[in-house]
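Notes for the structure review
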Amino acid sequence: MLLMPKRVKYRKSQRGRRKGCAQRGSSLAFGDFGLQAMENAWVTNVQIEAARVAISRNVKLGKVFIRAYPDKPVTKKPAETRMGKGKGMVEHWVAVVKKGKILFEVEGLPEEIARESMRLAASKLPIPTRFISRKSLL
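Our subject in this report is the structure included herewith. Since this is a predicted model, take the numbers as computed values, not measurements.

Turning to helix α2 (residues 111-122), a few remarks are in order. Over its 12 residues, α2 extends 16 Å from the first C-alpha to the last, a length consistent with the 16 Å expected when each residue adds 1.5 Å. Among the residues of α2, those classed as buried are Ala114, Ser117, Met118 and Ala121. Along the axis of α2, the buried residues cluster in a sector spanning 100°; they form a single face. Here the buried face of α2 lies against β1 (33-37), α1 (45-58), β6 (102-107) and β7 (129-133).

So this is what it looks like as structure tokens:
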């Protein structure tokens, strides 16, 4: 099941700018271990789902928290269409991820299993990430 909002105030949004660091969501809130973004990017709902599945397959016991939610619509005009005639239709949804944002958290499992599951998830994402734990933040 892919993540997307049930309803939005505006169907189409402007692209915006991907710069700066995460003001919020840059520290562990729910779990003991997390996956932190090292660059700014758009992460699509398909990429988030692929990473979630990779974590869930590796984590038998324990809980997975998804901290990135795709709430930005990305539009695209059909191929070989002339310029003009308005903005294209919504193609997919993305989460705007800033540097330092925690993307996933896990709790209730040993560090080596958590590290391995986050490594599998990181391979599904388009940006470099790093593994963090509560101990490393102290």
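Let us now look at the sheet that holds β7. As a general point, the strands of a sheet are linked pairwise by backbone hydrogen bonds and lie either parallel or antiparallel. With antiparallel pairing, four strands are arranged side by side in an open sheet as β3-β6-β1-β7. The open sheet terminates on both sides in strands that have one partner only, identified here as β3 (63-66) and β7. Each strand of the sheet is rotated relative to its neighbour by a mean of 20°, with strand direction disregarded. Inspection of the sheet shows β1 paired to β7 by five bridges, in the antiparallel sense. Note on β7: the bridge partner recorded for Gln36 is Arg130. Packing of α1 onto the sheet brings it into contact with β3 and β6, and relative to β6 it is tilted by some 20°. Sheet strands in contact with α2 are β1, β6 and β7, and its direction is about 30° off that of β1.

Definitions and limits used
- Residues numbered from 1 in each chain as written.
- Predicted model: local features only at pLDDT ≥ 70, side-chain atom pairs only at ≥ 80, totals over all residues.
- Heavy atoms only, no water.
- Helix = DSSP H or I, 4+ residues; strand = E, 2+ residues; numbered from the N terminus.
- Expected span 1.5 Å × (residues − 1).
- Buried < 20%, exposed > 50% of the residue type's maximum accessible area, 1.4 Å probe, protein only.
- Arc of directions from axis to C-beta.
- Contact = heavy atoms within 4.5 Å.
- Pairing = 2+ DSSP bridges.
- Axes fitted to C-alpha atoms, helices over the stretch in contact; angles between N-to-C directions.

Don't take any of this as a statement about function, it's just geometry.
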